[in-house]
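# Chain and residue survey
Residue-level listing of the chains:
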Amino acid sequence: QRRVHGDYCLMKLYYFDFPGRGEAIRLTLSHAGVPFEDVRIQFKDWLATKAKLELKQMPVLELEGGKQLTQSYAILEYLGCKYGYLPTNHDEIYRCIFIMNTIEDVFQKAIIYGSPPPVSTLDEKTKEEGMKKLIETDGKLYLNAIERKLIENVSQDFIVGRKHTIADFYLVGVFIHMMHTPKWKELFASHIASGYPLLQSYIEKRLTDFNEYYKKCDYKLYYFVTPGRAEMTRILFRHCKIPFGDIRFTPDQWMKEEKKTGKYELEQLPVLKCEPSGINYSQSDAIIQTLGLKHGLLPVNKPEKLSLIHISEPTRRYAISYAVFCLKKK
Amino acid sequence: FFFSSRRRHTRQRSVSWARRCVQETAIADFYLMGIYANVLNHPDWKTMFGDRIEKKYPVLHAYAEKRMKDFNLYYGKCKTKLYYFDMPGRAEMIRITLKQMHNPFEDIRIKYEDWPKEKVSGKFELQQLPILECEACGINVCQADAIMHRLGIRYGYLPISNPEKLYKVLWWCNTWKDIMEGCAKLFGPISEGKKVQTRADLFEKTVPLYFARMEERLKLNKAQSFLVGKSYTNADFYFVGIWRGFIQNPMFPEFKEITKKFPLLEQYFEVNNKLLQH
């Protein structure tokens, strides 16, 4: 697929519509701020898509040039290397891969002993015994090893080192998968919460990084009763189906009560706030461009980016001509 | 001139600066270790300065002892031990890597009968083999894949600075790992009925598909003497190690038929089998 001037295609990730192996890759890309197309393939379309793939497996990451990358661990390490989430120290990288492989072991066994008939053909008795053994002996061993790695680490906020690594994204992805399936949730969630408090607090901290990705953000948009400058942000929220608090003031309310309270950075509206993530944005242009970047709505091409400024120019009350600065140099 | 009495103030200042430990190894560490090794090895200097550093600058001494451990391999003090069963299996690639690194290691082979006792003895972190241990360096690591990553990064067999090359190496490693896991699953907790079907799936669909993709990549590779780049990488070690451990294993006779259709892979193995011994 030749890259034609003015024709930009995003990275695409093909995976099923549940967390599983693809969640770690999605989280890495979203944390790195890389725009990508999250293609979720339903079970009914799986056979048709399978024929087009190289190794007949998912996840597959299709790069901008059309090249397909397979093998979830290889993709994760490639992205980690590219965007700075892979440690270069041999000891730290050992710990990353150790954690990922240990969780994989537990997962494989859990699938064998916990899945319904099409996936696992063992009889009920062996399954029950196996699951019991998994939780009491093998699972304990593995979870103890991971908790020990967390305790021995320099910081208890990250599993390896002092900053985000692929192991963090992998663990969050696995946790989300566990909470996504009701059966795993009832078996393991309370077990981890009661037996491994340090691990639980670490997971909760890392989950807050992805509040916006999982749409748990309590957005609140403050503006006047009129459409005005905030209407474009309201439209964006509705288009992306993000629930938000549409708080509107009358001019009297604003002048007498709210303006001087100190809650609004520049004593201006619109303002976007989100308490858990600590977001406090002002300036309508900045708000809409930040949200646009997060949800893949910004033009990536230079000529198209300039046209955004062109369109917003006439809406200003007074002539502010940064578009002129952009155009001045021929 | 570093220790001359006329420049006493410079020496003291340099030594107290050197007390600071950095988070990652930097050229300053190598420089200090080089000089420290010099002090230890020279008999006159050792009597003059060896004890003085230990008594007057304990933090510096502790730091120097810690960093000297990093170079145990270079100074021949590493006593690496590799624990595994008496077969190639998963540990073959680790044995090959250690030999390529010129790291003399003790190849401890545990017999099947002794394994249940050893397993519970508390020596093995996850009650699994293989385990790589080095008491001098304070290492006790398990999980074959993680060990290979560790050795690869430490000794340059994984191109960590180049994402595209890293992906190519890891593609090979992960594909071989998939084949290995597929074979290992046949001996795990699995019902009799499913065993036959899984075996058929593995040897009729999965393995020929993977081998075909591998053959394509080998054809594109111009040098043909290494899988990725111009020197040995983890990909080569995985290839030879898993071929010896699983493809040549008498428990999987189906492989003989399949490999006949992929001459490039067989040829690559023949050539490197002799070169990568341990």
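Before going into details, it helps to say that this report is about the structure given with it. (Residues numbered from 1 in each chain as written. Chains lettered and ligands numbered in written order. Predicted model: local features only at pLDDT ≥ 70, side-chain atom pairs only at ≥ 80, totals over all residues. Heavy atoms only, no water.)

### So, the overall build of chain B
Going by this rule: Per the convention used, a helix needs a DSSP run of H or I reaching at least four residues, while a strand needs a run of E reaching at least two, with both numbered from the N terminus. When a residue's accessible area, from a 1.4 Å probe over protein chains only, is under 20% of the maximum for its type it is buried; when over 50% it is exposed; and in between it is partly exposed. Should any heavy atoms of two residues lie within 4.5 Å, those residues are counted as being in contact. Computed with a 1.4 Å probe, the accessible areas rest on the Shrake-Rupley method; for each residue, only the protein chains presented here act as cover.
Along chain B, the regular secondary structure elements total 12 helices and 4 strands. Taken over 278 residues, chain B has a buried fraction of 44%. Put simply, of all contacts in chain B between residues at least 6 apart along the chain, 68% involve residues at least 24 apart. As displayed, chain B offers around 15600 Å² of accessible surface, 54% of which is attributable to carbon and sulfur atoms.

### Description of the pairing of strand β2 (residues 105–110) of chain B
Residue and element names in this part refer to chain B. Applicable threshold: The pairing criterion for strands is at least two bridges between them, as found by DSSP. With the strands pointing away from the viewer, any crossover whose connection runs clockwise from the first strand over the helix to the second is right-handed.
Strand direction decides the pairing type here: strand β1 (residues 80–85) and β2, joined by 6 bridges, are parallel. Note that in β2 the partner of Y84 across the bridge is R109. Remark: the β1/helix α5 (residues 92–100)/β2 crossover connection has right-handed handedness.

### Topic: the interface of chain B and chain A
Definition in use: The buried area of a pairing is the accessible area, by a 1.4 Å probe, that goes missing from both parts when the two are put together, added over both. The term salt bridge refers to a side-chain nitrogen of Lys or Arg lying within 4 Å of a carboxyl oxygen of Asp or Glu. By the criterion applied in these results, polar contacts are pairs of N or O atoms within 3.5 Å in which, for protein atoms, one can donate a hydrogen and the other can accept it, and in which residues neighboring in sequence qualify only through two side-chain atoms. In this classification, the charged set is Asp, Glu, Lys and Arg, the nonpolar set is Ala, Val, Leu, Ile, Met, Phe, Trp, Tyr, Cys and Pro, and all remaining amino acids, among them Gly, are polar.
Contacts between the two partners involve 37 residues from chain B and, on the opposite side, 40 residues from chain A. Overall, the association of chain B and chain A removes approximately 3400 Å² of surface from exposure, summing both partners, and the carbon and sulfur fraction of that is 59%. Together, B:E125, B:R150 and B:Y167 form the three largest contributors to the area buried by chain B at its contact with chain A, with a combined 18%. Along the contact surface separating chain B from chain A lie 3 salt bridges. Linking chain B with chain A are 13 residue pairs in polar contact (both at pLDDT 80 or more). At the level of elements, β4 (139–142), α7 (144–155), α8 (163–185) and α9 (192–220) of chain B are the ones that each hand at least two residues to the side of chain B that touches chain A. Tallied by class, the residues present in the side of chain B that touches chain A amount to 16 nonpolar, 10 polar and 11 charged.

### With respect to helix α3 (residues 72–83) of chain A
Residue and element names in this part refer to chain A. As a reminder, the rule being used: To estimate the expected span of a helix, subtract one from its residue number and multiply by 1.5 Å.
Between its terminal C-alpha atoms α3 stretches 16 Å, which fits the 16 Å expected from 12 residues at 1.5 Å a residue. Restricting attention to buried positions, one finds in α3 the residues S72, Y73, A74, I75, L76, E77, Y78, L79, G80 and C81. Positive phi appears at G84, one or two residues downstream of α3, with a value of about 85 degrees.

### Things to note about the sheet that holds strand β7 (residues 271–274) of chain A
Residues and elements named next belong to chain A. Put simply, the rule is: As a rule, the C-alpha atoms of each element are fitted with a line to give its axis, helices using only the stretch in contact, and angles between N-to-C directions run from 0 to 180 degrees.
As summarised here, the arrangement of the 4 strands in space is β6-β5-β7-β8, forming an open sheet in which the pairing is mixed. Unpaired on one side and paired on the other, β6 (244–249) and β8 (279–282) mark the two borders of the sheet. Each strand axis lies, on average, 15 degrees off the axis of its neighbour in the sheet, ignoring direction. One ladder, built from 4 bridges, connects β7 with β8; its direction is antiparallel. In the strand pairing of β8, L272 is matched with Y281.

### Some points on the packing of α8(B) against helix α10 (residues 234–247) of chain B
Residues and elements named next belong to chain B. To keep it simple, the criterion reads: Should an angle fall under 35 degrees it is taken as roughly parallel, and over 145 as roughly antiparallel, whereas 65 to 115 is taken as roughly perpendicular and any remaining angle as oblique. Crossings are classed by handedness, with left-handed meaning an anticlockwise turn of the near helix from the far one by less than a right angle and right-handed meaning a clockwise turn.
Closest axis-to-axis distance for the α8/α10 pair is 8 Å, and the angle between their directions is 15 degrees. As judged from the angle between their axes, α8 and α10 are roughly parallel. Of the two possible hands of crossing, α8 and α10 adopt the one that is left-handed. Along its contact with α8, which presents V169, W172, C173, W176, K177, M180 and C183, the element α10 presents N234, A235, Y238, F239, I242, W243, F246 and I247.

So far we have only geometry, and geometry alone does not tell us how the molecule works.
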